Amino acid sequence: MSAITITDAAHDYLADLLSKQNTPGIGIRIFITQPGTQYAETCIAYCKPGEEKPDDEPVGLKSFTAYLDAVSVPFLEDALVDYATDRMGGQLTIKAPNAKVPMVNEDSPINERINYYLQTEINPGLASHGGQVSLVDVVDEGIAVLQFGGGCQGCGQADVTLKEGIERTLLERIPELKGVRDVTDHSQKENAYY
């Protein structure tokens, strides 16, 4: 049994939309953007045959298949897709109470928690500069060693970003973390972003 509930009304509404696409075997794909953060958005998209991802979880419904994005599945727990009609017509509603809930807690290993916040909070912000940061190791009883990549490499601002943004965020989220250190050599300036 899948984590998500699609009501009969929602099923029939979606089946009707899909039948108008003139694409045999078309289904839907359900995914969450930035799952586990306050920016999480639950999305439903058309999914033509072959557009599903290899690790999607297929849910066979009466008239079509819904593909659940593998990363989103834990966040779709208890989700409800419904179709509500009113005088103005009707609309599809998606309630996903766990979409914004982090899938890590105080008991998760420290490196999992660091990776989680890097992926959900820090990297989306760095992506606008073509940059990203990843965890290399946790050393000396609580120092996270981070590697900058992409546009952050060789950027003169990387130290400021590390100290003011990333370190502050991680220390707020993970009390036992003592600090962060950067392994990247910022003397390489070929593709730096200014």
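Predicted, not measured: the structure shown is a model, and the values here were computed from it.

**Q** Any chance you could explain the sheet that holds strand β9 (residues 143–150) here in plain terms?
**A** Strand pairing in a sheet relies on backbone hydrogen bonds, with the paired strands running either antiparallel or parallel. Spatial strand order, β8-β9-β10: 3 strands in an open sheet with mixed pairing. Because the sheet does not close on itself, it has two edges, and the strands there are β8 (131–139) and β10 (179–182). Shown here is a sheet whose adjacent strand axes are inclined to one another by a mean of 35 degrees, direction ignored. Where β9 and β10 come together, 4 bridges link them in parallel fashion. Following the sheet pairing, alanine 144 is matched in β10 by valine 180.

**Q** Just checking my understanding: could you explain the pairing of strand β5 (residues 65–68) for this structure?
**A** Regular strands place side chains that alternate from one sheet face to the opposite one. The pairing of strand β2 (residues 27–33) with β5 spans 3 bridges and is parallel. Bridge pairing in β5 links isoleucine 28 to alanine 66. The antiparallel pairing of strand β4 (residues 57–60) with β5 creates a hairpin that spans 4 residues between the two strands.

**Q** What's the story with the pattern of salt bridges in this structure? I'm lost.
**A** Here the idea is simple: oppositely charged side chains can pair when their charged atoms come close. In total, this model carries 6 salt bridges according to the counting rule given. With its nearest N and O atoms 2.6 Å apart, the salt bridge here joins glutamate 176 to arginine 113. Here the residue glutamate 176 occupies a position in the loop between α3 (158–173) and β10, and arginine 113 occupies one in helix α2 (residues 110–126), the gap between them amounting to 63 residues. Among the residues examined, arginine 113 registers a relative accessible area of 6% and is labelled buried. In this structure, arginine 173 engages glutamate 172 in a salt bridge whose closest nitrogen and oxygen atoms are separated by 3.3 Å. Looking at glutamate 172, the relative accessible area reads 54%, which means it is exposed.

**Q** Whenever I open this one, unusual backbone geometry confuses me. Can you help?
**A** A negative phi holds for most residues other than glycine; trans holds for most peptide bonds. Its identity as a non-glycine residue notwithstanding, aspartate 78 has a phi of 65 degrees, on the positive side. Note on placement: aspartate 78 falls in the loop between β5 and β6 (79–86). Even without glycine at this site, aspartate 140 takes up a positive phi of about 45 degrees. Relative to the helices and strands, aspartate 140 is located in the loop between β8 and β9.

Conventions adopted
Residues numbered from 1 in each chain as written. Predicted model: local features only at pLDDT ≥ 70, side-chain atom pairs only at ≥ 80, totals over all residues. Heavy atoms only, no water. Pairing = 2+ DSSP bridges. Helix = DSSP H or I, 4+ residues; strand = E, 2+ residues; numbered from the N terminus. Axes fitted to C-alpha atoms, helices over the stretch in contact; angles between N-to-C directions. Salt bridge = Lys/Arg side-chain N within 4 Å of Asp/Glu carboxyl O. Buried < 20%, exposed > 50% of the residue type's maximum accessible area, 1.4 Å probe, protein only.

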